[in-house]
Amino acid sequence: MTLPDPELQPEFYSDVPLKRALAWAIDLVVTIALTLVGLVMTLFISAFFLPVLFGAISIGYRTIMLARYGATLGMMLTALKWRSLDGRQPDPMTAFIYSAMHAGMWTVFPLQVASMVMILLTPYRQGLHDMVLRTTMLHRIGPDH
């Protein structure tokens, strides 16, 4: 199984940068909501460790969603799916590494900027973490690729 070729089937990759941005915004809202739930459940004691709590929830949420469904809630709502370049849904360890790299790139902002530029310029619309892990996002249209 392989992914659709961006030159022969560009419809699988068109608007992916915009959809990735929208999916990220939706997932940020979900992560903030889950963090607030965590704060309430710990009687606000975890407020002393808010960045750690937010990071752990972000990585956990992305890892579980990507490993189980091949997409986060934001990706599902924007009709994106995450796949390896061989067309398969990546395994749970790859989902964890992807999620950890995503969080790490936000702490080293120049890496995140480089990743955004790569999403705009690469044929498969891959960010930095996608390039490293040989994954990409594509439209969830047509037969399951």
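Refer to the preceding data block for the structure.
Bear in mind that the values here come from a model prediction, so they are computed numbers and not experimental data.

1. Overview of the packing of aromatic side chains
- Per the counting criterion, the structure on display carries four aromatic pairs.
- Members of the aromatic cluster, connected to one another through ring pairs, are W24, W106 and F109.

2. A short note on unusual backbone geometry
- Here L43, not a glycine, exhibits a phi torsion of approximately 55°, which is positive.
- Along the polypeptide, L43 turns up in the loop between α1 (16-41) and α2 (50-69).

3. A closer look at the side chain of D27
- Note on placement: D27 falls in helix α1.
- Excluding residues within four positions of it along the chain, D27 makes contact with Y61, R62, T72, L73, G74 and M75.

4. Thoughts on the packing of α2 against helix α4 (residues 92-107)
- Across the interface, α2 lies against α4 with an axial gap of 8 Å and an inter-helix angle of 145°. In this structure, α2 meets α4 at a crossing whose hand is right-handed. Here α2 contributes I59, R62, T63, L66 and A67 to the contact with α4, which in turn contributes P92, A95, F96, Y98, S99, A100, H102 and A103.
- Tallied by class, residues from the contact of α2 with α4 come to nine nonpolar, three polar and one charged.

5. Regarding the pairing of strand β1 (residues 80-84)
- Within β1, five of the five residues are buried, which leaves the element mostly enclosed by the surrounding structure.
- With five bridges joining them, β1 and strand β2 (residues 135-139) adopt antiparallel strand pairing. What sits directly across from S84, in β2, is T135.

6. Re the nonpolar core
- In terms of nonpolar packing, the biggest core is built from 10 residues, these being V16, A23, L66, A71, M75, L80, W82, A95, Y98 and M137.
- Those elements that place two or more of their residues in this core are α1, β1 and α4.

Conventions adopted
Residues numbered from 1 in each chain as written. Predicted model: local features only at pLDDT ≥ 70, side-chain atom pairs only at ≥ 80, totals over all residues. Heavy atoms only, no water. Phe/Tyr/Trp six-rings, centres within 6.5 Å; stacked < 30°, edge-to-face > 60°. Helix = DSSP H or I, 4+ residues; strand = E, 2+ residues; numbered from the N terminus. Contact = heavy atoms within 4.5 Å. Axes fitted to C-alpha atoms, helices over the stretch in contact; angles between N-to-C directions. Left-handed = near helix turned anticlockwise from the far one by under 90°. Nonpolar A, V, L, I, M, F, W, Y, C, P; charged D, E, K, R; others polar. Buried < 20%, exposed > 50% of the residue type's maximum accessible area, 1.4 Å probe, protein only. Pairing = 2+ DSSP bridges. Core = buried A, V, L, I, M, F, W, Y, C linked by side-chain atoms within 4.5 Å.

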